[in-house]
Amino acid sequence: MLGEFGIESYLGFPLASSEGGGLGLLAVLDDKPMEIAPAERATLGSFANRAAAEFERLRAQQSLERSTRALRVLGESGLAQARSASESELLDAVCRIACEAGGYRLAWVGYAEHDAEKTVRAVAQAGGTSYLTALPPLSWAEDDERGSWPAGRAIRSGAPAIERDIANSTRLCRGPRRYCPWTSHRVSREPGSLPPATV
């Protein structure tokens, strides 16, 4: 494949973490046989080390920002609990805090009903909520294809249900009809348009 671009030589430098693990690669390619002088090799190696250090710094910063956001949500939710006069007021506040302080596009709370279809009833929501009304009723029944969606899995298992790539998930389309409203109802990247992971 590289030959199609006229590439004849390749030199790769590992981007190593401070603990020795692999983070990635810095590669240089040329359209002629490569002759790397020791000084040039040392310079490229030094650049690779600096790139790895910057990558680690950015990753640590992102982790710190996520932790700070989570602590902010936790703190504000505690205040909301103390101030709310009713259950519905508290649930609305928690959803709003998840979006405003947590930075999530949409948050909602659903209750598991014990009717014949084991439906999931939305009782609070914040952010753009148009996609919730566009979906068919959710279910937590294991023998219902809708039960394979995050809400149903979380309710049945009692554990977080995470979807990192909803558009390409096969778990959300396991039913015999392969009906995937999570993906068919995807809309533009407007606030609240992206279906959430259920946690």
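Refer to the structure printed above.
What comes next is a walk through the structure. Owing to the predicted nature of the structure, the values given are computational and were not obtained by experimental measurement.

Reading the values: the criteria
Along each chain, residue indices are assigned from 1 in the same order as the chain's sequence is written. Given that the model is predicted, a residue must reach a pLDDT of at least 70 before its local features are reported, and side-chain atom pairs must reach 80 or more before they are shown or counted; all residues, however, enter totals for whole chains, interfaces and linings. For side-chain calculations, the full set of non-hydrogen atoms in the structure is used, while hydrogens and water are omitted. Salt bridges are counted wherever a side-chain nitrogen of Lys or Arg sits within 4 Å of a carboxyl oxygen of Asp or Glu. Relative accessible area decides the class of each residue, using a 1.4 Å probe on protein chains only: under 20% of the type maximum gives buried, over 50% gives exposed, and in between gives partly exposed. Only residues above 30% relative accessible area that lack a salt bridge enter a patch, with like-charged residues linked at up to 9 Å and the nonpolar side chains Val, Leu, Ile, Met, Phe, Trp and Tyr linked at up to 5 Å. Here the accessible surface of atoms and residues is derived via Shrake-Rupley with a 1.4 Å probe, and residues count as covered only by protein chains that are part of the display. Helix numbering and strand numbering both begin at the N terminus, where a helix is a DSSP run of H or I of at least 4 residues and a strand a DSSP run of E of at least 2.

Moving on to the pattern of salt bridges. Side chains that differ in sign of charge can pair as their charged atoms come close. Scanning all chains against the criterion turns up six salt bridges. Between Glu 113 and Arg 121 there is a salt bridge whose closest N-O contact spans 2.4 Å. Taking the relative accessible area as the measure of exposure, Glu 113 reaches 23% and is therefore partly exposed. The partly exposed category is assigned to Arg 121, whose relative accessible area is 43%.

A surface patch of nonpolar side chains, amounting to about 300 Å² of accessible area, comprises Tyr 10, Leu 25 and Leu 29. Following the sequence through the fold, Leu 25 ends up in strand β2 (residues 22–30).

The next thing to look at is unusual backbone geometry. Here Lys 118, not a glycine, exhibits a phi torsion of approximately 50°, which is positive. In this fold, Lys 118 is placed in the loop between β3 (106–112) and β4 (119–127). For Lys 118, a relative accessible area of 34% puts it in the partly exposed group.

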